[in-house]
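Observations on chain architecture
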Amino acid sequence: MKAIKSLPVWKIGSSLLGLVALLGILIAVNIIVGNMRLRVDFTDEKLYSLSEGTANALKTLEQPVTLKLFFNSSNPKIPAGLKNYASQVEDLLEEYRLASKGKVKLQKLDPKPDSDAEEWAQKYGIAGQSLDMFGPPIYFGLVATAGKTEAVLPTLDPRMQQLLEFHVTRMIHRVTHPQKPVVGVLSSLPIMGTPGQQFAMPGQPQPPPQPAWIAVQELRGDYDLQEIQSAEDGIPSNIQALLVVHPKALSDEAQFAIDQFVLGGGHVVMFVDPMSFADQNAAPSPYGMPQVASDAPRLLSAWGVGYDASKVLADYDGATPMRSPQGGVDRNPTVISFNKSNIDSDDIITTKLNVLRAAFGGALTDNTSD
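Residues numbered from 1 in each chain as written. Predicted model: local features only at pLDDT ≥ 70, side-chain atom pairs only at ≥ 80, totals over all residues. Heavy atoms only, no water.

Looking at the overall build of the protein
Where we set the bar: Helix and strand definitions follow DSSP, with helices as H or I runs of at least four residues and strands as E runs of at least two, each counted in order from the N terminus. Burial here depends on accessible area, computed with a 1.4 Å probe over protein chains only, as a share of the maximum for the residue type. Under 20% is buried, over 50% is exposed, and the range in between is partly exposed. Contact between two residues is taken to exist if any of their heavy atoms lie within 4.5 Å; hydrogens are not considered. Per-residue and other accessible areas were derived by the Shrake-Rupley procedure at a 1.4 Å probe size, with only the shown protein chains allowed to occlude residues.
A tally of regular secondary structure across the protein gives eight helices and 14 strands. When the 370 residues of the protein are sorted by exposure, 31% land in the buried category. Of the contacts formed within the protein by residues at least 6 apart in sequence, a portion of 61% connects residues at least 24 apart. Total accessible area on the protein is roughly 24,500 Å²; 57% of this is exposed by carbon and sulfur atoms.

Structure (structure tokens):
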């Protein structure tokens, strides 16, 4: 049997002192870190990092905004995946609060059955969803308020996670800028919708009104859209930006008015088309064929944009399979299908697009260096 050696007293004492010192350091670090909000984003999608645009918008906030998150966090039946997403939403909203330097306030409400929170959720229009036939509804939505102005996201869908920051920042902008910018719309297509004909042909049903195009409906959420029948007499002074879509036979006077609007500091978004697939009701030209091309030659030339309204774009690599009149399937190079490899998945506008199809599209060139 080996003899047990006694450790010197100074070694035991130094070991105890080392443990006490280490414990003290751990306690100190815990206190310091607990009072510091170290937030490092290790996710591939940067779910907890605010974009530069959002950060700049928060820096310029002139009035406080309250974000009210409605979620049944106490319901034990909530699926784990939904709980995890709710935590991610809370983390992102917390980033808004921190980046705003106190201008954005966050409220988390648990809309239990028959509670004041549930009543408020219903008043705001938060959509309640039932997990089962007899269970209480589940609320998961967001409300932004500033003064008497409010904006609502009725449902926070995990499938739209990549667009969450866009929607939140958009809500904050809407409630802090209730006066919408005025955008003029000039188009030969019924993109603003049609009221329907007041009188129908004898024996024919009255045509129903047609809604505005989906793009226009989306724009109306942020802008006051005003239709312009003709630009020949100039652009109204209250117009801050101009949307020109398929401008068929745009007169020289109208093109001059648009150019003067741009020279005066206005902004123009113009869509021209060599063969508009949407122009179903095009009137026949003197040659018997409908005029389906749009152009603004004087404007485009002055702006250094090359465009030929008599030519359409063709791409054999992106040709779309289409059924032929004979019953077979042909690949049409003038109907181009752009897939995910052609679409920027990092851009908020195109991140959810899988296929983008262009039928008889045109081509623009930069002639500013000529």
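Here the narrative resumes.
Examining the environment of Leu-299
Relative to the assigned elements, Leu-299 resides in helix H8 (residues 297-302). Linking Leu-299 and Gln-255, residues 44 residues apart in sequence, is a C-alpha distance of 6.2 Å. Residues within four places of Leu-299 in sequence aside, it is in contact with Gln-255, Ile-258, Asp-259 and Met-270.

Some details on the pairing of strand S12 (residues 329-338)
The criterion, for reference: Here, any two strands with at least 2 DSSP bridges between them count as paired.
Pairing analysis gives five bridges linking strand S11 (residues 319-323) to S12, with the strands arranged antiparallel. Residue pairing across strands places Met-322 opposite Asp-330, the latter belonging to S12. Pairing of S12 with strand S13 (residues 356-359), which is carried by four bridges, proceeds in the antiparallel orientation. If you follow Phe-338 over to S13, its bridge partner there is Leu-356.

Comments concerning unusual backbone geometry
Comment: phi is negative for the bulk of residues other than glycine, and the bulk of peptide bonds are trans. At Ala-249, a position not held by glycine, the phi torsion is positive, near 50°. Relative to the helices and strands, Ala-249 is located in the loop between strand S8 (241-245) and helix H7 (252-263). Take Ala-249: its relative accessible area is 66%, and that puts it in the exposed class. Although it is not a glycine, Phe-360 sits at a positive phi angle of roughly 55°. Along the chain, the position of Phe-360 falls in the loop between S13 and strand S14 (364-366). Judged by its relative accessible area of 18%, Phe-360 falls in the buried class.

Looking at the sheet that holds S13
How we decide: Note on geometry: axes are C-alpha line fits, over the in-contact stretch for helices, and angles between N-to-C directions span 0 to 180 degrees.
Strand order in the open sheet formed by three strands is S11-S12-S13, and the pairing between neighbours is antiparallel. The two strands at the open ends of the sheet, each matched to only one other strand, are S11 and S13. Shown here is a sheet whose adjacent strand axes are inclined to one another by a mean of 55°, direction ignored.

Topic: helix H5 (residues 164-176)
For the record, the criterion: Each residue after the first adds 1.5 Å to the expected span of a helix.
Taking 1.5 Å of rise per residue, the 13 residues of H5 would be expected to cover 18 Å, and the 19 Å separating its terminal C-alpha atoms lies within 8% of that figure. Along H5, the residues classified as buried are Leu-164, Glu-165, Val-168, Thr-169, Arg-170, Met-171, Ile-172, Val-175 and Thr-176.

Notes on the side chain of Glu-94
Just so we agree on the cut-off: Polar contact is defined as a pair of N or O atoms within 3.5 Å, subject to the rule that within protein one atom must be able to donate a hydrogen and the other to accept it, and that residues adjacent in sequence are counted only when both atoms are side-chain atoms.
Take Glu-94: it is sitting in helix H3 (residues 80-99). A distance of 2.5 Å separates polar atoms of two side chains, one belonging to Glu-94 and the other to Arg-97.

Observations concerning the pairing of S8
The cut-off we apply is this: The crossover handedness rule: strands pointing away from the viewer, path from first strand over the helix to second strand clockwise, crossover right-handed.
Most of S8 is tucked away: four of the five residues are buried. In this sheet, S8 lies alongside strand S6 (residues 182-187) in parallel orientation, the contact comprising five bridges. When the sheet's bridge partners are listed, Ser-187 is paired in S8 with Val-245. Viewed along the sheet, the connection from S8 through H7 into strand S9 (residues 267-271) turns out right-handed.

Some words on the environment of Thr-169
Note on placement: Thr-169 falls in helix H5. In sequence terms Thr-169 and Gly-53 are 116 residues apart; their C-alpha atoms lie 9.0 Å from each other. Those residues in contact with Thr-169, other than ones at most four positions away along the chain, are Thr-54 and Tyr-96. A distance of 2.7 Å separates the side chain of Thr-169 from the side chain of Tyr-96, its partner in a polar contact.

Observations regarding the confidence of the model for the protein
Predicted coordinates in regions of low pLDDT should not be interpreted in detail. To keep things clear, this is the line we draw: pLDDT is a per-residue confidence score from the predictor, ranging from 0 to 100.
Taken residue by residue, the protein gives an average pLDDT of 84. The fraction at 70 or more is 81%. For the protein, the element scoring lowest by mean pLDDT is helix H1 (residues 9-35), at 45; strand S1 (residues 65-71) scores highest, at 98. Confidence drops under pLDDT 50 across residues 1-17; counting only partners more than four residues distant or on other chains, this segment forms one contact. Scored below 50 in pLDDT, residues 29-43 shows 11 contacts in the model against residues more than four places distant or in partner chains.

Focus on the packing of aromatic side chains
For clarity, the threshold we go by: Here a pair means two rings of Phe, Tyr or Trp (six-membered ring of Trp) with centres within 6.5 Å. Their orientation is stacked below 30 degrees between planes, edge-to-face above 60, and tilted elsewhere. The rule is short: NZ of Lys or CZ of Arg within 6 Å of the ring centre and within 35 degrees of the ring normal puts a charge over the ring.
Applying the stated rule across the entire model yields five aromatic pairs. Aromatic side chains Phe-277 and Phe-360 sit 6.3 Å apart centroid to centroid with 45° between the ring planes, which places their arrangement in the tilted category. Of this pair, Phe-277 sits in the loop between S9 and H8 while Phe-360 sits in the loop between S13 and S14, placing them 83 residues apart in sequence. Aromatic ring contacts, followed pair by pair, group Phe-70, Trp-120 and Tyr-124 into a single cluster. Over the face of the ring belonging to Trp-120 we find Lys-68, whose NZ or CZ atom lies 5.8 Å from the ring centre. The lysine or arginine in question, Lys-123, covers the ring of Trp-120, its NZ or CZ lying 4.9 Å from the ring centre.

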